[in-house]
Amino acid sequence: MNKWLREIVAELWLPCLVVLFWWFTSRGSQSLHFPPLSVILERFGQDWLFARFWTDLLPSLRNFGFGLLIGAMIGAAAGTALGLSRVARHVLPLLEVMRAIPVIALIPLIIMMLGTSDIEKIAIIAFGSIWPVLLNTTEGVRNIDPTLRDVGRSLTLDRGSVLFRVILPAASPQIVAGLRLSVSIALVATVGSELFASTRGIGYVILSATQGWDMPQMWAALLMLGIVGYALNGLMTLFERRALRWHWGRAAINRAATR
Amino acid sequence: MLKISRLSMSYGSDSQLKVIFRDLDCSVEKGEVVCLVGPSGVGKSTLMRCIAGLSKPVAGKVELDGTLVDRPLRDVSLVFQDYSRSLMPWLKVIGNVTLPLLNRIASKQERLAAAHAAIEAVGLRGNEDKYPWQLSGGMQQRVAIARAIACKPRLLLMDEPFASVDAQTRADLEDLTLRLRDQFGMSVLVVTHDIDESVYMSDRVVVLRGSPAEVVETVDIPLPVPRDQISTKTEPRFAELRAHILRQIRGETELQKTSGRVGPVAGSAELNVARASSITAIPDQIQRQA
Ligand SMILES: Nc1ncnc2c1ncn2[C@@H]1O[C@H](COP(=O)(O)OP(=O)(O)OP(=O)(O)O)[C@@H](O)[C@H]1O
Ligand SMILES: [Mg+2]
């Protein structure tokens, strides 16, 4: 318990300090663009703890979740297939190009093709999340120690077991690293998709609040976005710690041995 | 039991063709421990891969009790040299040992029982829930051995299994291997660089030399069983056998020996010559040096 408390303090003391600083410097602010934090927080409570939680936050999170899931699955599946095949070397440059195109740039095209709906938004998010997972999985699978594959074969595992019990676990550190990148791209894509021809979602709230000069609402939405991003990152870290415990544990022991 | 007939293997093709061995014959009988020795690069690992069904020979065949080995067989287990690369670091000891049983034993309970029996047999009880990388090198190699014997193979293949552990652990693992052979009645084929080890463990030692490699001699080891690290290794016959095998590997002919020329074959440097001659004096080597 004590340890938990200390970790939380270590993690949050600086953000708290910044918020305090913000609170006091913005007190009584007359600026149109930078309203007092007290006003923003009040608005935050109204919007995100109550009214807009269901109508805007949840749809955004749902689109984010589905998009990321679909993108990551496609990326992992295609990356595995590619990593195991001989053509990877030739296809990789092409994929690097695809990855380099910011997904935001494709939103008009996707809207043209799919119209404006949740499907369209999920497609945008999925498209953005595919590439980091795809490229990392390809690399991860390609670089597996050949000894491990020989071990899998000599243990007479069937193909499915070799894939799921040897190849994918061996590549998992790289796959998870790709997933982490995909998470942040998916968040960008989520907000981006809501800035175009949209009627709800955090991105939509930010856009419409700005257009209506409702700065407290915009700031409250930004704050919410920050919190969502932070929470997602935290979840990702927890997941990584659990799923890759063996990886970090081994790395630490190897480091200690070579020191 | 294991029968290798006219086996040929080469790497590359056409102008780059490198023949590793040609028309190799060799066999291992049931319950026998056979060691394969030879200078570095002669093709021992290549031969092991062919026997394990991991590499396809260019010609000839490997048979196990009459079955053609053209892919890894269930009755054959392979212990790799590098335990740190051959154990799955994301699986605990029990998971590693259970892995080969997954598609052999349907019942989970029986699977666990078999895995526990194998872990017990290599003396690792109590370490089931540790990750391999939390164990010492010798213990990791024990895990690899447990994984190999968990499915009760008829033939255990080991490619330089003890090369990266300290001398004491090595001796322990040699004895462990012999004990497991007695316990499970399997045949064991070991590749080793260590001539002491080959004489100590084997019923027969197969000496490979040359390029393409050939079996220059198969040496019977008539030392009494069970072997013992101290009494076996101090027998006069042990020293004779070791000296004989060393000479075979270096390619010294009887003629060279009598004329007093020392002619180590290129590539034999890695052999543990220094250690071999320091433990027990080899009579004619002393004469030569004098
Ligand atoms: N995949 C490969 N492609 C081409 N040549 C290879 C390959 N694997 C091994 N060789 C060559 O085959 C020869 C025999 O190699 P091998 O590993 O079987 O020797 P070894 O007797 O096991 O040596 P060591 O005692 O050092 O392990 C070597 O000259 C090596 O360069
Ligand atoms: Mg070798």
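Residues numbered from 1 in each chain as written. Chains lettered and ligands numbered in written order. Predicted model: local features only at pLDDT ≥ 70, side-chain atom pairs only at ≥ 80, totals over all residues. Heavy atoms only, no water.

A.B. asks: Could you give an account of the overall build of chain A, naming the residues involved and the relevant values?
C.D. replies: In terms of regular secondary structure, chain A is built from 10 helices and 0 strands. Put simply, chain A runs from its N terminus to its C terminus through helices and strands in the order α-α-α-α-α-α-α-α-α-α. In chain A, which comprises 259 residues, the share counted as buried stands at 41%. Here the analysis covers contacts within chain A between residues at least 6 apart in sequence; of these, 76% occur between residues at least 24 apart. (Helix = DSSP H or I, 4+ residues; strand = E, 2+ residues; numbered from the N terminus. Buried < 20%, exposed > 50% of the residue type's maximum accessible area, 1.4 Å probe, protein only. Contact = heavy atoms within 4.5 Å.)

A.B. asks: Give a description of the overall build of chain B that names residues and reports values.
C.D. replies: When its secondary structure is counted, chain B shows 11 helices and 10 strands. Split into buried and exposed, the 290 residues of chain B put 54% on the buried side. Taking as baseline every contact in chain B between residues at least 6 positions apart, the subset at least 24 positions apart corresponds to 68%.

A.B. asks: Before we move on, could you go through the site of ligand 1 and cite the residues and values that matter?
C.D. replies: All names here are of chain B. Around ligand 1 lies a shell formed by Tyr11, Lys18, Ile20, Ser40, Gly41, Val42, Gly43, Lys44, Ser45, Thr46, Glu160 and His193. Within the contact set of ligand 1, an oxygen atom lies 2.5 Å away from a side-chain nitrogen or oxygen of threonine 46. Burial of ligand 1 by the surrounding chains reaches 60%, relative to a free accessible area of 630 Å². Top element by residues in the shell around ligand 1 is helix H1 (residues 44-52). It accounts for 3 residues. Looking at the shell around ligand 1 residue by residue, the classes come out as 3 nonpolar, 6 polar and 3 charged. (Near = heavy atom within 4 Å. Polar contact = N/O pair within 3.5 Å; in protein donor to acceptor, adjacent residues only side chain to side chain. Areas by Shrake-Rupley, 256 points an atom, 1.4 Å probe, with all protein chains shown as cover. Nonpolar A, V, L, I, M, F, W, Y, C, P; charged D, E, K, R; others polar.)

A.B. asks: Could you give me a rundown of helix H6 (residues 146-154) of chain A, with the residues and numbers involved?
C.D. replies: Among the residues of H6(A), Thr147(A), Leu148(A), Asp150(A), Val151(A), Gly152(A) and Ser154(A) are the ones counted as buried. Buried-residue contacts for H6(A) involve helix H7 (159-195) of chain A together with H1, strand E6 (76-79), helix H2 (83-86) and helix H5 (137-149) of chain B. Two or three places before Thr147(A), at the opening of H6(A), Asp145(A) has a side-chain oxygen 2.9 Å from that residue's backbone nitrogen. Following H6(A) by one or two positions, Thr156(A) has its phi on the positive side, about 55°.

A.B. asks: Any chance you could break down helix H1 (residues 2-25) of chain A for me, citing the residues and the numbers?
C.D. replies: Residue pairs spaced three or four apart in an α-helix point in one direction, given the helix's 3.6 residues per turn. For H1(A), with 24 residues, the first-to-last C-alpha span of 33 Å sits near the 34 Å given by 1.5 Å per residue. At Leu12(A), H1(A) is bent by approximately 45°, the largest bend along its length, and proline Pro15(A) sits one to four residues beyond. (Expected span 1.5 Å × (residues − 1). Bend = angle between axes of the 7 residues up to and from the residue.)

A.B. asks: Would you mind going over the sheet that holds strand E9 (residues 204-209) of chain B in detail, with residue names and values included?
C.D. replies: Residues and elements named next belong to chain B. Taken in spatial order, the 6 strands make up an open sheet running E6-E7-E8-E3-E9-E10, and their pairing is mixed. Among the strands making up the open sheet, the edge pair consists of E6 and strand E10 (214-220). For this sheet the average axis-to-axis angle between neighbouring strands, irrespective of direction, equals 15°. Here strand E7 (residues 155-159) pairs with strand E8 (residues 187-191) via 5 bridges, running parallel. Considered in E8, the bridge of leucine 157 is made with leucine 189. Each of strand E3 (33-37), E6, E7, E8 and E9 is contacted by H1, which is oriented at about 155° to E7, the strand it contacts most. (Pairing = 2+ DSSP bridges. Axes fitted to C-alpha atoms, helices over the stretch in contact; angles between N-to-C directions.)

A.B. asks: Account for unusual backbone geometry, naming residues and giving values.
C.D. replies: Ser211(B) connects to Pro212(B) through a cis peptide bond whose omega is -5°. On the secondary structure map, Pro212(B) appears in the loop between E9 and E10. A cis geometry characterises the amide bond from Val225(B) onward to Pro226(B), with omega recorded as -5°. Relative to the elements of secondary structure, Pro226(B) occurs in the loop between E10 and helix H8 (236-250). A positive phi angle is found at Trp213(A), which is not glycine, with a value near 55°. Note that Trp213(A) resides in the loop between helix H8 (202-211) and helix H9 (215-243). Phi is positive for Asp23(B), close to 50°, though the residue is something other than glycine. Among the structural elements, Asp23(B) can be located in strand E2 (residues 18-28). Here Asp23(B) falls in the partly exposed class, since its relative accessible area comes to 35%.

A.B. asks: Break down the sheet that holds strand E5 (residues 67-68) of chain B for me, with residues and values.
C.D. replies: All names here are of chain B. On the basis of which strands lie adjacent, the open sheet formed by 4 strands has the order E2-E1-E4-E5 and antiparallel pairing. Strands with a single pairing partner mark the edges of an open sheet, and in this sheet they are E2 and E5. Bridging between strand E1 (residues 2-11) and E2 involves 7 bridges; their strand directions are antiparallel. Within E2, the position partnered with tyrosine 11 by the bridge is lysine 18.

A.B. asks: Tell me about the nonpolar core, residues and numbers included.
C.D. replies: Generally speaking, a soluble globular protein has its nonpolar side chains buried in company with each other. Ranked by size, the top nonpolar core spans 87 residues in total, and within it Trp48(A), Leu2(B), Phe21(B), Ile51(B) and Leu157(B) carry the most contacts. At 12 residues, H7(A) tops the list of elements feeding residues into this core. Setting aside chain neighbours within four positions, we find Leu2(B) in contact with Cys26(B), Ser27(B), Val28(B), Ile51(B), Val62(B), Glu63(B), Leu64(B), Leu155(B) and Leu189(B). (Core = buried A, V, L, I, M, F, W, Y, C linked by side-chain atoms within 4.5 Å.)

A.B. asks: With reference to specific residues and values, describe the pairing of E9(B).
C.D. replies: Residues and elements named next belong to chain B. Where burial is concerned, most of E9 is hidden: 5 out of the 6 residues are buried. Bridge count for E3 against E9 is 4 bridges, and the pairing is parallel. Considered in E9, the bridge of cysteine 35 is made with valine 205. Sheet topology note: the E9/E10 ladder contains 6 bridges and is antiparallel. Note on E10: the bridge partner recorded for arginine 204 is aspartate 220. Where E9 hands over to E10, the hairpin turn is made up of 4 residues, of which glycine 210 adopts a positive phi near 95°.

A.B. asks: Account for the interface of chain A and chain B, with residues named and values stated.
C.D. replies: Contacts between the two partners involve 20 residues from chain A and, on the opposite side, 25 residues from chain B. Taking both sides of the interface into account, the surface hidden between chain A and chain B amounts to around 2200 Å²; carbon and sulfur atoms contribute 64%. For the chain A face of the interface with chain B, the top three residues by lost area are Leu155(A), Thr156(A) and Trp246(A), together amounting to 26%. Counting every contact that joins chain A to chain B gives 2 salt bridges. The residue Arg85(B) makes a salt bridge to Asp145(A) at a minimum N-O spacing of 2.6 Å. Looking at the side of chain A that touches chain B, the elements with two or more residues in it are H6, H7 and helix H10 (245-258) of chain A. Classifying every residue of the side of chain A that touches chain B gives 9 nonpolar, 4 polar and 7 charged. (Buried area = accessible area lost by both parts, 1.4 Å probe. Salt bridge = Lys/Arg side-chain N within 4 Å of Asp/Glu carboxyl O.)

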